[in-house]
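Here is what each chain is made of, one letter per residue.
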Amino acid sequence: MVSTSTVVVHPSRQSLADAAAARLVVALVDAVSARGVAHVSMTGGSMGSEIVRSLAAEPARAAVDWSRVHVWWGDERYLPAGDPDRNDTQNDEAGLSSLGLDPATVHRVPGPDASASAEEAAEAYAATLRSSGGGSFDVMVLGVGPDGHIASLFPHHPAAGTAGAVTVAVHDSPKPPPDRVSLTRECLERSREVWFLVAGADKADAVRRGVEGSPFEETPAAHVHGEERTLWLLDPDAASELG
Ligand SMILES: O=C(O)[C@H](O)[C@@H](O)[C@H](O)[C@H](O)COP(=O)(O)O
């Protein structure tokens, strides 16, 4: 059972980030009170850091028992730990490390300093997902590329259609850097809620295709839904081509 998409347009990029952060606080509080633990998957890209920056400034964040929150990433650039181009590094710099998370439940994808290949890193991340109760997320936060990619699942890319696995190594990514590790589509969908965070006129066509429908090979974002809810959280520019 997958949910239909709900579109929410915010007055600006900043209010999109702020509202998404507030929404995430409530989702995490509810998950911890219902199940004693919360699993959230964060994203790279500009909006991935914007929501973290807003979260770090959100007064209500104090309501979250961060020691019970597991943080994952929908994808990671295959670069050494601490590399400025890694998604987790950029999220750290935006304030992730100031939230009070337990480092043991911040699950970082191994880089070439801790694995022999992106394939080995993907396998290790999958093993962590299996052993840490991940692979079933309360919230899956995803940015969307101008081409309709999500995580590191790119249109017409051989890795995008990977089935029967929760992670995949991606090479020759059309968005640099070329080597990455990504959750697969079926893993992304093991989420109670999927939230697409999208801002900017350059995404308007991808948003239209994502919301109104397009083949997976052309628009992976159109084929990832939450089990309970799928939200397209947009600024006016990103929503500008919706009917
Ligand atoms: O590793 C990455 O590059 C991201 O995970 C990627 O999927 C990103 O979320 C989109 O490309 C949107 O990025 P922007 O919000 O910066 O356009």
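What counts as what
- Residues numbered from 1 in each chain as written.
- Predicted model: local features only at pLDDT ≥ 70, side-chain atom pairs only at ≥ 80, totals over all residues.
- Heavy atoms only, no water.
- UniProt positions renumbered as here; feature names shortened; annotations may be inferred.
- Pairing = 2+ DSSP bridges.
- Helix = DSSP H or I, 4+ residues; strand = E, 2+ residues; numbered from the N terminus.
- Axes fitted to C-alpha atoms, helices over the stretch in contact; angles between N-to-C directions.
- Contact = heavy atoms within 4.5 Å.
- Near = heavy atom within 4 Å.
- Polar contact = N/O pair within 3.5 Å; in protein donor to acceptor, adjacent residues only side chain to side chain.
- Areas by Shrake-Rupley, 256 points an atom, 1.4 Å probe, with all protein chains shown as cover.
- 1 Å grid on protein atoms, 1.4 Å probe; cavity = no way out; pocket = protein on both sides within 12 Å on 5 of 7 lines; lining within 4 Å.
- Sits in = over half its atoms within 2 Å of the grid points.
- Nonpolar A, V, L, I, M, F, W, Y, C, P; charged D, E, K, R; others polar.
- Points joined across faces, edges and corners; volume = space filled by probe spheres on them.
- Buried < 20%, exposed > 50% of the residue type's maximum accessible area, 1.4 Å probe, protein only.

As recorded in an unreviewed UniProt entry, the chain goes by the name 6-phosphogluconolactonase, listed as coming from Phycicoccus sonneratiae. According to its UniProt record, the chain has this under Catalytic activity (unreviewed entry): "6-phospho-D-glucono-1,5-lactone + H2O = 6-phospho-D-gluconate + H(+)". Database annotation for the chain, UniProt heading Sequence similarities (unreviewed entry): "Belongs to the glucosamine/galactosamine-6-phosphate isomerase family. 6-phosphogluconolactonase subfamily."

A look at the sheet that holds strand β5 (residues 137-142)
Strands sit in the order β1-β9-β8-β5-β2-β3 across an open sheet of 6 strands; the sheet is parallel. Only two strands of the sheet have a single partner each, and these edge strands are β1 (5-9) and β3 (69-73). If you compare each strand with its neighbour and ignore which way they point, the axes differ by 20° on average. Note that strand β2 (residues 38-42) and β3 share 5 bridges and pair parallel. The residue bridging A38 from the neighbouring strand is V69, located in β3. Each of β1, β2, β3, β5, β8 (191-198) and β9 (229-234) touches helix α1 (residues 13-35); the most contacted strand, β8, lies at about 170° to it.

Section: the sheet that holds strand β7 (residues 180-183)
The strand order across the open sheet formed by 3 strands is β4-β7-β6, and the pairing between neighbours is antiparallel. With partners counted over all chains shown, the strands left at the sheet margins are β4 (75-77) and β6 (167-170), one partner each. For this sheet, the mean inter-axis angle between neighbouring strands, taken without regard to orientation, is 15°. Summarising the sheet, β6 and β7 pair through 4 bridges and their orientation is antiparallel. Residue pairing for β7: A169 is matched across the bridge by V181. Seen against the sheet, helix α4 (residues 118-131) touches β6 and β7 and runs at an angle of roughly 160° to β6.

Remarks on the site of the ligand
Close contacts around the ligand come from 15 residues, with S46, D75, H149, A151 and K203 the closest. One of the side-chain N or O atoms of K175 is found 2.7 Å from an oxygen atom in the ligand. Coverage of the ligand by the protein chains reaches 92% of its 420 Å² of free accessible surface. Mapping the ligand onto the cavity grids shows that it belongs to the largest pocket. When grouped by side-chain class, the residues that make up the shell around the ligand number 3 nonpolar, 7 polar and 5 charged.

Details of the layout of surface pockets
Estimates place the volume of the largest pocket at around 230 Å³. The wall of the largest pocket is formed by 19 residues, among which G44, G45, G143, H149 and K175 lie closest to the centre. Of all elements in the fold, only α2 (45-57) and β4 reach the threshold of two or more residues within the lining of the largest pocket. The dominant element in the lining of the largest pocket, judged by the number of residues it contributes, is α2, at 4 residues. What the second largest pocket holds in volume is close to 170 Å³. Within the residue set of the lining of the second largest pocket, elements represented by two or more residues are α1, β5 and β8. Tallying contributions element by element places α1 first for the lining of the second largest pocket, with 6 residues. Residue classes in the lining of the second largest pocket are distributed as 5 nonpolar, no polar and 8 charged.

A short note on the side chain of S182
Note that S182 resides in strand β7. Judged by relative accessible area, which is 1%, S182 ranks as buried. Among the polar contacts made by the side chain of S182, one reaches the main-chain amide nitrogen of S152 at a distance of 3.2 Å.

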